[in-house]
Amino acid sequence: MKRSAGILLHLSSLPSPYGIGTLGKAAYEFTDFLKAAGQTYWQMLPIGPTGYGDSPYQSSASFGGNPYFVDPDILEQEGLLTREELCLFQWGGDPQRVDYGLLYQNRGVLLRRAYDRWDGREEAEYRSFLEENGSWLVDYAEFAALKERFGGLSWLEWPETYRSPETIPEKVRESLEEEVNYHCFVQFLFFRQWNALRRYANGQGVYLIGDLPFYSALDSADVWANPEQFQLDERRNPTAVAGVPPDCFSKNGQLWGNPLYDWDFMRQDGYSWWIRRMRRGAALFDLVRLDHFRGLESYWAVPFGETDGSAGRWEKGPAMELIRRFREEVPEAKIIAEDLGLLTPQAKRFTRQTGYPGMKVLQFAFDGHKDNPYLPENCPENSVVYTGTHDNDTLAGWLSRMNREEREQVRDALGVKGAGDLHRIILECGTRCRGKLFLVPMQDYLSLGSKARMNVPGTAQGNWVWRMKPGVLTEGLAKQIREYAELGKRI
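Residues numbered from 1 in each chain as written. Predicted model: local features only at pLDDT ≥ 70, side-chain atom pairs only at ≥ 80, totals over all residues. Heavy atoms only, no water.

Quick notes on the overall build of the chain
Using the following cut-off: Counting from the N terminus, the helices are the DSSP runs of H or I reaching at least four residues and the strands are the DSSP runs of E reaching at least two. Both definitions apply: the radius of gyration is a C-alpha atom measure, and the globule rule equals 2.2 Å times residues to the power 0.38. We call two residues in contact when some of their heavy atoms are within 4.5 Å. Note on areas: Shrake-Rupley with a 1.4 Å probe; residue coverage comes only from the protein chains shown. A positive count includes Lys and Arg, and a negative count includes Asp and Glu. His and the chain ends are not counted in either. Taken as the charge centre is NZ of Lys, CZ of Arg, CG of Asp or CD of Glu, depending on the residue.
Along the chain, the regular secondary structure elements total 18 helices and 12 strands. Relative to a compact globule of 491 residues, whose C-alpha radius of gyration would be 23 Å, the chain shows 23 Å and is just as compact. Principal-axis analysis of the C-alpha atoms gives the chain an extent of 75 × 55 × 40 Å. When contacts within the chain are restricted to residue pairs at least 6 apart in sequence, long-range pairs at least 24 apart make up 73% of them. Carbon and sulfur atoms make up 49% of the accessible area of the chain, which amounts to about 21,100 Å² in all. Charge separation in the chain, taken as the distance between the mean sites of 58 positive and 67 negative side-chain charges, equals 7 Å.

Next comes the structure, spelled out in structure tokens:
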């Protein structure tokens with residue numbers, strides 16, 4: 001990885017007339033903007049189908065794509081939808097917020113109209129897609145079809161017969177065939193549009209950074225179809241779930257609720273599920289940010305039924321054993337280690353041992369200690385430096401909550417005298433630091449306040465909804481961002 005810069009912006013945050021960002025026109029325009037702004041990388045959040053709370057980190061399919069991101073205008077160009085059909089549905093009145101309720105009600109109806117008009121299931125491109133994705137696609141499509149049949153209930157609430165792909169009666173499977181075909185079709189659309197966007201971006205010298213969630217959601221095709229990979233009891237309920245201990249984000253820790261991996265079983269079968277997952281990530285992205293990387297060294301296990309994360313304990317993970325398997329089986333994977341949070345000396349040593357670049361967040365830098373590892377002068381070359389991530393407030397929002405003494409502490413830490421624009425100064429310090437890659441959320445280049453924050457950890461409502469206002473990607477803004485990249489010698 002060369003010295004470079006990039007922008008963090010999820011697909012959902014792109015402007016579009018369809019309630020959420022898509023893989024259509026705005027994605028291509030943002031790619032052009034990145035090139036004009038001297039940016040080499042576009043980082044986004046996980047692209048899988050979202051589940052409870054609309055979080056991209058609680059996906060119903062680790063290997064799938066989010067149907068909401070399929071662009072309707074492209075479908076019109078392909079003759080699968082009409083302009084009249086595109087105008088039939090409401091997607092929300094605020095172009096700067098995602099209305100997931102309306103998307104849930106209407107997006108599937110629109111995509112089914114495209115499916116009804118489609119006659120390409122015998123085409124070579126579609127047959128090839130089915131063959132290449134067979135290891136996960138049918139399980140996901142059956143899971144999605146059954147979930148609709150049972151009114152959206154978690155698979156743990158389905159009748160016993162349906163709680164495993166192996167026990168579904170053949171007559172039921174036959175009755176689901178059309179629904180299964182529909183969900184396969186939607187995934188085909190997603191990845192056809194995805195691959196076209198990635199080819200375009202790479203052709204423009206822009207490379208995509210994907211985000212691989214560490215855990216699978218409990219209510220997912222992953223756990224339903226692969227229960228042996230997780231710590232479940234005989235009724236397939238989790239014995240313990242994921243979270244983190246108390247930290248700066250939450251005094252009671254965080255209870256994520258994801259089932260934990262059965263690392264003993266995974267070791268015995270050569271970590272095949274993880275290898276497939278990493279191979280998938282490497283095929284879709286130019287770089288993969290592995291979320292909660294420290295969980296490979298040791299993970300926080302909370303007994304199932306607890307109400308917060310404080311009751312957990314540390315358990316050992318596979319550490320370098322899995323990393324060696326990655327290097328043997330997926331040597332093309334380029335990984336960024338999300339090594340934030342409470343890090344023990346063992347977890348820090350593990351990240352160094354892998355050689356993967358870790359993450360440094362400037363909002364964590366200003367506690368008054370000269371040895372703070374997030375201070376710009378302390379960021380090592382082998383690191384990815386952020387002003388903040390999707391879990392932080394925006395830079396403008398963070399600064400607005402500071403009192404005068406706290407602001408002076410930031411100025412002292414950066415060696416800045418006078419009353420200069422602290423927002424600009426932090427961006428300049430970030431781009432100048434030694435870290436190979438400097439990544440900035442789009443909200444920070446737009447100087448947006450806390451209303452544009454993407455997520456507040458530990459909360460389940462009001463997250464993941466921010467969208468970029470149409471028309472803000474001006475030539476002037478591109479020039480301004482390019483100047484930061486030039487200042488840091490990142491072009």
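From this point, the narrative continues.
What about the pairing of strand 10 (residues 358-361)?
Put simply, the rule reads: The classification of residues rests on relative accessible area computed with a 1.4 Å probe and restricted to protein chains. Under 20% of the type maximum is buried, over 50% is exposed, and intermediate values are partly exposed. Here, any two strands with at least 2 DSSP bridges between them count as paired.
Burial along strand 10 is two-sided: Gly-358 and Lys-360 facing one way and Met-359 and Val-361 facing the other are all buried. Where strand 10 meets strand 11 (residues 383-386), four bridges bridge the pair, whose relative direction is parallel. Bridge pairing in strand 11 places Lys-360 opposite Val-385.

Some remarks on helix 12 (residues 320-329)
Basically, it comes down to this: Each C-beta atom gives one direction from the helix axis, and the arc is the one those directions make.
If you check which residues of helix 12 are buried, you get Met-320, Leu-322, Ile-323 and Phe-326. The buried residues of helix 12 occupy one face: seen down the axis, they fall within an arc of 160°. Where helix 12 is buried, its residues touch helix 10 (263-268), helix 11 (272-284), strand 9 (335-337) and helix 13 (345-354).

Quick look at the side chain of Thr-431
With respect to the element layout, Thr-431 can be found in helix 16 (residues 422-432). Classification of Thr-431 as buried rests on a relative accessible area of 1%.

A few points about the packing of aromatic side chains
Inclusion rule: Only centres within 6.5 Å qualify two rings of Phe, Tyr or Trp (six-membered ring in Trp) as a pair; their planes then separate them into stacked at under 30 degrees, edge-to-face at over 60, and tilted for everything else. Here, a charge over a ring means that NZ of Lys or CZ of Arg falls within 6 Å of the ring centre while also lying within 35 degrees of the ring normal.
Scanning the entire structure with this criterion turns up 46 aromatic pairs. Ring geometry for Tyr-115 and Phe-185: centres 5.4 Å apart, planes at 50°, overall tilted. Here Tyr-115 is found in helix 4 (residues 100-117), whereas its partner Phe-185 is found in helix 8 (residues 177-203), with 70 residues between them in sequence. Given a relative accessible area of 5%, Tyr-115 falls into the buried group. Residue classification places Phe-185 among the buried residues on the basis of a relative accessible area of 0%. An angle of 80° between the planes, with centres 4.7 Å apart, marks the rings of Trp-118 and Tyr-126 as edge-to-face. Comparing Trp-118 with Tyr-126, the two get one shared label, buried. The ring of Trp-91 carries the charged tip of Arg-107 above its face, separated from the ring centre by 4.8 Å. Seen from the ring of Tyr-374, Lys-360 lies directly overhead, with NZ or CZ sitting 5.5 Å from the centre.

What to know about the sheet that holds strand 10
Selection criterion: Lines fitted to C-alpha atoms define the axes, with helix axes restricted to the stretch in contact, and inter-axis angles between N-to-C directions lie between 0 and 180 degrees.
Taking strand neighbours across the sheet as the criterion, the eight strands line up as 9-6-3-2-1-12-11-10 in an open arrangement whose pairing is parallel. Edge strands, defined here as strands with exactly one partner in the open sheet, are strand 9 and strand 10. Going across the sheet, the axis of each strand differs from the next one's by a mean of 25°, ignoring polarity. Looking at chain direction, strand 2 (residues 41-43) and strand 3 (residues 207-212) are connected through three bridges and run parallel. Counted as the bridge partner of Trp-42 is Leu-208 from strand 3. Here helix 11 sits on the sheet and contacts strand 3, strand 6 (287-290) and strand 9; the angle it forms with strand 6, its principal contact strand, is near 135°.

Brief notes about the sheet that holds strand 7 (residues 298-303)
The antiparallel open sheet is built from four strands, whose spatial order is 5-4-7-8. The open sheet has two edge strands, strand 5 (254-259) and strand 8 (313-316), and neither has a second partner. The sheet shows a mean angle of 50° between the axes of neighbouring strands, taken without regard to direction. Pairing of strand 4 (residues 240-244) with strand 5 involves three bridges; the strand directions are antiparallel. Within strand 5, the position partnered with Gly-243 by the bridge is Leu-255.

Geometric descriptors of this kind do not, in isolation, establish any biological role.
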